[in-house]
Amino acid sequence: IQKWQERKRLPAGVRPLPGPANLPFIGRVHDVPEKGSWLKFYEWSKVYGPIYQTKMFGVTHVWITSEKIAQDLLSRRANIYSDRPLIPNLPDNRTSGDYLALLGRNDIWKRQRKLCNHLMHTSALASLHDYPTLERNRFLYLLSQSPEDYIEYIEQFTSRTVSRLSWGSAHPAPVLRHTTFGLLETISPSGALPNVISFLRHLPLALSPWKQKEKARHDLEDKQFKSNVGFVRRMMEVGRAEPSFIRTFLEEQGVDTGKAKADEEQKAKEADEAMHVVGLMAIAGALTIGSPIQSYILAMCHYPEWQAKLQEEIDTQLAGRCPMWEDREKLPLLRAVVKEVIRWRPPVPTGIPHAIEKDDVYDGYFIPAGATIHALEWGITRDETTYPDAETFNPSRFLLPSYPTYRSPLTTYPNLSGFSQFGFGRRTCQGVPIVEQDLFLTMGGMAWAFTITKKTDPVTGREVAVHWNDYTPLLIAKPCRFPFEAVPRDEHKVKKMREMYDDAVEREEVEKEESREERERTEAWMVEAGVRQKEEEIPWQSVHVSGVGGGGVDDAPAVRTGGTGVPGVAVALGVTVPAGATVVSVAPVVSVTPVVNANVDVVVPGPGVDGHGHGHGQAQVHQAQHEHQPQPEVPQEGPHQELMDNGKTEDEAKSTSRGSSRPASTRSVTGSASGSGSGSPIWGSEPSLSFRSSSAESSDCEERDVMDGKRGEENEGQARRRVRIKAVSNASSTIESLVPTTPEREEKGLRLGVDVREAEEEVPGAWRW
Ligand code: HEM
């Protein structure tokens, strides 16, 4: 019947679009893999041509793999091709006004897009207030300290930068990350079943796990957005608001009252709408930009020759300086690399779909009203007429006149403006200035600071394989974790990175204090939403530091003088201690109960403890009773229950880790929550307890994991860094006398030592805001 109806709709002489034969009702759903769906759609384009259709549960999907056709339809016929389809798992997406990018073509969308455009333009004129540089400087140093945590640091970079742009502060970044990735799941075809089996959307809330999850996520997001705007207002009142999209809006709207009530109501409505527009901009920034940053590292592993050329350009043009945004005219190759990374591995490979509002005919083919139109970005970037030898990463295509994509002058081109990867027509991406600056600075900064290479297996001496195209399956695709080395290029850069980081951290001090109220509030919401565990439920870890020498007690003077880290305490923190860092963290004495968990970074202390009879330290990791735990002052960026969440039973997790400290070099080895570590060395070149038990190739590559800390290496990495461990010495009284309890510490419930936060701020890699 459906086929007959469709044929009846066809105007005379017009053909239906080609495409694979459809099964009744489900169409071709079964053919589309969950992972890399764009590869399948691209494969079909090789069979059916650059515009073809598929059916899925009665909906017509049109796939376009030619930039020209995408322009012809989505840009030149924008009056009928600018709507958005309904997202079954977010059924009010076209009308609610919460997410501008998902709105239908209606007045709300027009109004919001105008505002978004204005805010973006204003901010771009002020060079985004240098926020990307500030965060880039922080990012480079963190990456240098722990390259294996690159995903975490990249996500921090993108979410913190866009939080600053949106609300003038980085404090909303952790919650933004959580709610944003939840939204990505909600709207992605592979993220929620109703998006594929659309009738599931009719299930009532009580019966729909997808609706329940989305509601909880949305509630949290709403509270957070309101809190963020409240924060900006509060700062404006005292004249301390940093520049931001919201501040621009509120300033222009005029914060003065004394107007007619109707005006005030109208203003409140407008402010509410602006809150959502800015929220969406933050979401878009937090979601997307991490993809090309990660793809850059992947590209450098496979194309070292381009990295060498890029380094040469930076070195010669900037005389050893780290690239700044003002240098862009001088660095065409860097701009070409940025563009080529996006072309080579499109961050939104399936595109964001449009919907057509009226029947249309293109090149003799019928496109029915209501069809979902996909500009398949993956296919568009593989069009050999525009991008010869498309599979190869080749920035030359934007720099040499022999290529179709060359454009002069090279002081301006290549750039990202008008690039197909940011969409078409009236729905084009509004965030290009942010993307351009973020990518220029991070990729340029990485090329300046590090040589990225594949790893070498220390046993076989062979290169460790790196995948080419194993990407996450959601709408925004990111490369699955892969191993690599990021070797600082010289000592000067190491020093410089530290200075840049210190400056960035210093700048944040005041801001942290000012946003304390909001941070505490959002922390409580995260707990309420189950993203974090309640403080009293957290299985606090305590580290029993015993033995002589480098084991801890003998190093107590370091605590007193604020000198180099104490080995035992360093273990307790779970972070690498850079030589000379002040690492002091002695938490209250808690009863030391059966040994349970050894999930910590093990730090071989650096200079400064050499003189303390190193080699005899033992670290035993215990689970503490937690009757009298102090409340932490600093909220964490992610869930902190992961330590005990690695799928291990308590028995499995029981372990005692012992070892001898190795002096001199500062070296981090990770210990695992599982395994019987008893009596085996945890320090040394071959740790018996390896946190990263799975190989990079077998890494779990689900986006969700990254945020929830449930599975996958990424989360293990986060857990390792975020867990709060309390140190207790078997000679605690000695330490207590060396580090007297202050009234302030007493108040916090801390009997001993300097609180953990102090050390965390000192040491990169610990959790932070
Ligand atoms: C690498 C990063 C990014 C990529 C690849 C990207 C790509 C895209 C794409 C493909 C679209 C859909 C265009 C269409 O429907 O034809 C889009 C829409 C949009 N993007 Fe981006 N984007 C990125 C970053 C950003 C950022 C940082 C912002 C922050 C302001 C942003 C804001 C938006 C908005 C507001 C829309 C919706 C426009 C509308 O529906 O009217 N994007 N983006």
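In what follows, the structure referred to is the one given above.
Computed from a predicted structure; not experimentally measured.

**Q** So what exactly am I meant to see when it comes to the coordination of the iron atom of the ligand here?
**A** Each pair of donors in an ideal octahedron of six around a metal sits at 90 or 180 degrees, and each pair in an ideal tetrahedron of four sits at 109.5 degrees. You will see that the iron atom of the ligand has only one donor from the protein, Cys429 (SG), lying 2.3 Å away. Locating Cys429 in the fold gives a position in the loop between helix 15 (377-380) and helix 16 (432-449).

**Q** What's the story with the packing of helix 12 (residues 290-302) against helix 13 (residues 304-318) in this structure? I'm lost.
**A** For any two helices packed against each other, one specifies the crossing angle of their axes together with the interaxial distance. At their nearest, the axes of helix 12 and helix 13 sit 5 Å apart, and the two run at 110° to each other. As the angle between them shows, helix 12 and helix 13 are arranged roughly perpendicular. Listed contacts from helix 13 to Tyr296, Met300, Cys301 and His302 of helix 12 are Pro304, Gln307 and Leu310. Partitioned by chemical class, the residues of the contact of helix 12 with helix 13 number 5 nonpolar, 2 polar and no charged.

**Q** Before we go on, may I ask you to explain the environment of Glu221 in this structure?
**A** Its location among the elements puts Glu221 in helix 9 (residues 209-237). For the pair formed by Glu221 and Gly279, sequence separation is 58 residues and the distance between their alpha carbons is 8.9 Å. Residues in contact with Glu221, not counting those within four places in the same chain, are Tyr99, Thr179 and Ile283. Within the structure, Glu221 has its side chain in polar contact with the side chain of Tyr99 (distance 2.4 Å). Among the polar contacts listed, one links the side chain of Glu221 to the side chain of Arg217, at a separation of 2.9 Å.

**Q** Can you help me understand the nonpolar core in this one?
**A** Side chains of a nonpolar character, in soluble globular proteins, are inclined to be buried together. The biggest cluster of nonpolar side chains holds 121 residues, and the ones touching the most others in it are Leu140, Tyr296, Ile297, Phe393, Met446, Phe450 and Ile452. Leave out the neighbours within four places in its chain, and Ile297 touches Tyr150, Ile154, Met446, Ile452, Phe482 and Phe484. If you look at the next biggest cluster of nonpolar residues, it comprises 19 residues, including Val62, Ile69, Leu73 and Ile80.

**Q** Explanation requested: the pairing of strand 7 (residues 372-375) in the structure shown.
**A** In the case of a regular strand, side chains alternate between the two sheet surfaces. Alternating positions in strand 7 separate into two faces, Thr372 and His374 on one and Ile373 and Ala375 on the other, with burial throughout. As paired strands, strand 3 (residues 59-64) and strand 7 are joined by 4 bridges and run parallel to one another. Note that in strand 7 the partner of Val62 across the bridge is Ile373. Inspection of the sheet shows strand 4 (residues 354-355) paired to strand 7 by 2 bridges, in the antiparallel sense. Counted as the bridge partner of Ala355 is Thr372 from strand 7.

**Q** Would you explain the site of the ligand in this entry?
**A** Taken together, 26 residues are adjacent to the ligand, and Arg84, Arg113, His354, Arg427 and Cys429 come closest. At 2.9 Å from an oxygen atom of the ligand is found a main-chain nitrogen or oxygen belonging to Phe424. Contacts to the ligand include Arg427, whose side-chain N or O atom sits 2.9 Å from an oxygen atom. Counting residues per element, the ones that place at least two in the shell around the ligand are helix 5 (107-125), helix 11 (261-288) and helix 16. The element best represented in the shell around the ligand is helix 11, accounting for 5 residues. Taken together, the residues that form the shell around the ligand break down as 15 nonpolar, 8 polar and 3 charged.

**Q** What is the right way to look at the sheet that holds strand 5 (residues 360-362) in this model?
**A** Within a sheet, each strand pairs with its neighbour through backbone hydrogen bonds, oriented either parallel or antiparallel. In spatial order, the strands read 1-6-5; together these 3 strands make up an open sheet with mixed pairing. Each edge of the sheet is formed by a strand with only one pairing partner; in this case those strands are strand 1 (15-16) and strand 5. Here 2 bridges tie strand 1 to strand 6 (residues 365-367), and the two strands are oriented parallel to one another. Note on strand 6: the bridge partner recorded for Pro16 is Phe366. Here helix 3 (residues 67-75) sits on the sheet and contacts strand 5 and strand 6; the angle it forms with strand 5, its principal contact strand, is near 150°.

**Q** Would you mind going over the side chain of Thr158 with me for this structure?
**A** When you line up the elements, Thr158 lands in helix 7 (residues 150-167). Residue class for Thr158 comes out buried when judged on its relative accessible area of 0%. Excluding residues within four positions of it along the chain, Thr158 makes contact with Gly285, Ala286, Ile289, Gly290 and Ile293.

**Q** What is the right way to read helix 12 from this model?
**A** What sets the pattern is the α-helix's 3.6 residues per turn: residues three or four places apart point alike. The end-to-end C-alpha distance of helix 12, which contains 13 residues, comes to 19 Å, matching closely the 18 Å that a straight helix rising 1.5 Å per residue would cover. Here helix 12 lies mainly inside the structure; 13 of its 13 residues are buried.

Calculation criteria
Residues numbered from 1 in each chain as written. Predicted model: local features only at pLDDT ≥ 70, side-chain atom pairs only at ≥ 80, totals over all residues. Heavy atoms only, no water. Donors = N, O, S within 2.8 Å, 3.2 Å for Na, K, Ca; no water. Helix = DSSP H or I, 4+ residues; strand = E, 2+ residues; numbered from the N terminus. Axes fitted to C-alpha atoms, helices over the stretch in contact; angles between N-to-C directions. Parallel < 35°, antiparallel > 145°, perpendicular 65-115°, else oblique. Contact = heavy atoms within 4.5 Å. Nonpolar A, V, L, I, M, F, W, Y, C, P; charged D, E, K, R; others polar. Polar contact = N/O pair within 3.5 Å; in protein donor to acceptor, adjacent residues only side chain to side chain. Core = buried A, V, L, I, M, F, W, Y, C linked by side-chain atoms within 4.5 Å. Buried < 20%, exposed > 50% of the residue type's maximum accessible area, 1.4 Å probe, protein only. Pairing = 2+ DSSP bridges. Near = heavy atom within 4 Å. Expected span 1.5 Å × (residues − 1).

These figures capture arrangement, not role.
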